[in-house]
Amino acid sequence: VPVKVLVVDDSALVRKLVSDALSASGEIEVVGVAPNGRLALQKLQQVVPDVITLDVEMPELDGLLTLAELRKSHRNLPVIMLSSHTERGGRTTLDALALGASGYITKPSQQGGGSEAAKAALQEELVPRILALARR
């Protein structure tokens, strides 16, 4: 049975990259995507993911506010935060973990190796975390 994941990111490119990387594992099925937290919370009424990947910086409802809302109704649903910012990510990481995030990764840069390298980095870093969280 594949692990079901909801991918939440305001960038269509990142949503596709994360979805492709997860689907390529063969053990994960992306059951939904959302461009912001508000739509992600609505989507949870239609799909039942085992894990959510949640972008930190989004319009309308950012990752931290979405996580806080999510915890009111889904206390134990694993959430992995994704951020493109490492330098000021320290504070945000602590905030996310305090709000109940299960983990945190930095989005791979598209520069250098392009999208194939970014996809490979996601497969290496994100897939094992999702599988570990889903099996808990």
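Before reading further, recall that the structure is shown in the block above.
Fair warning: this is a prediction, and the values are worked out from it, not measured in the lab.

Here we come to the environment of Ala101. By secondary structure assignment, the location of Ala101 is in the loop between helix 4 (89-98) and strand 5 (103-106). On the basis of relative accessibility, which here comes to 11%, the residue Ala101 falls in the buried class. Distance from Ala101 to Ile80, taken between C-alpha atoms, is 6.1 Å for residues 21 residues apart in sequence. Setting aside anything within four residues of it in sequence, one finds Ala101 in contact with Leu67, Val79, Met81 and Ala96.

Before going further, it helps to spend a moment on helix 3 (residues 63-73). Residues Gly63, Leu64, Thr66, Leu67, Leu70 and Arg71 constitute the buried set of helix 3. The buried side chains of helix 3 occupy one side of the element, clustering within an arc of 155° when seen end-on. Exposed side of helix 3, more than 90 degrees from the buried face: Lys72 and Ser73 are the residues found there. Where helix 3 starts, the residue carrying a side-chain oxygen 3.0 Å from the main-chain nitrogen of Leu64 turns out to be Asp62.

So, about the sheet that holds strand 2 (residues 28-34). Pairing is parallel in the open sheet, where five strands are placed in the order 2-1-3-4-5. Whereas interior strands pair on both sides, the edge strands pair on one side only; in this sheet they are strand 2 and strand 5. Taken pair by pair, the neighbouring strands of this sheet meet at an average axis angle of 25°, ignoring direction. One ladder, built from four bridges, connects strand 1 (residues 3-8) with strand 3 (residues 51-55); its direction is parallel. Along strand 3, the bridge assignment pairs Val5 with Val51. Running at roughly 170° to strand 4 (residues 79-83), helix 3 makes contact with strand 3 and strand 4 of the sheet. Running over the sheet, helix 5 (residues 114-134) touches strand 1, strand 2, strand 3, strand 4 and strand 5 and is turned about 170° from strand 5.

Our next topic: the nonpolar core. Note on soluble globular proteins: their nonpolar side chains tend to be buried together. Ranked by internal contacts, the top residues of the largest apolar core, which has 20 residues, are Val5, Val18, Leu22, Ile28, Ile80, Leu126 and Ile130. Those elements that place two or more of their residues in this core are strand 1, helix 1 (12-23), strand 4 and helix 5. Ranked by the residues each element gives to this core, the list is headed by helix 5, at seven residues. With residues up to four places along the chain from it excluded, the contact list for Ile28 reads Pro2, Val3, Val5, Leu22, Ser23, Val127, Ile130 and Leu131. Membership of the second largest hydrophobic core comes to 18 residues, among which are Leu44, Leu70, Val79 and Met81.

For helix 5, spanning 21 residues, the distance from its first C-alpha to its last is 29 Å, which sits close to the expected 30 Å at 1.5 Å a residue. At Gln123, helix 5 shows its largest bend, some 30°. For helix 5, the set of buried residues is Gly114, Ala118, Leu122, Leu126, Val127, Ile130, Leu131 and Leu133. In the core, the buried residues of helix 5 are packed alongside strand 1, helix 1, strand 2, strand 3, strand 4 and strand 5.

Conventions adopted
Residues numbered from 1 in each chain as written. Predicted model: local features only at pLDDT ≥ 70, side-chain atom pairs only at ≥ 80, totals over all residues. Heavy atoms only, no water. Helix = DSSP H or I, 4+ residues; strand = E, 2+ residues; numbered from the N terminus. Buried < 20%, exposed > 50% of the residue type's maximum accessible area, 1.4 Å probe, protein only. Contact = heavy atoms within 4.5 Å. Arc of directions from axis to C-beta. Polar contact = N/O pair within 3.5 Å; in protein donor to acceptor, adjacent residues only side chain to side chain. Pairing = 2+ DSSP bridges. Axes fitted to C-alpha atoms, helices over the stretch in contact; angles between N-to-C directions. Core = buried A, V, L, I, M, F, W, Y, C linked by side-chain atoms within 4.5 Å. Expected span 1.5 Å × (residues − 1). Bend = angle between axes of the 7 residues up to and from the residue.

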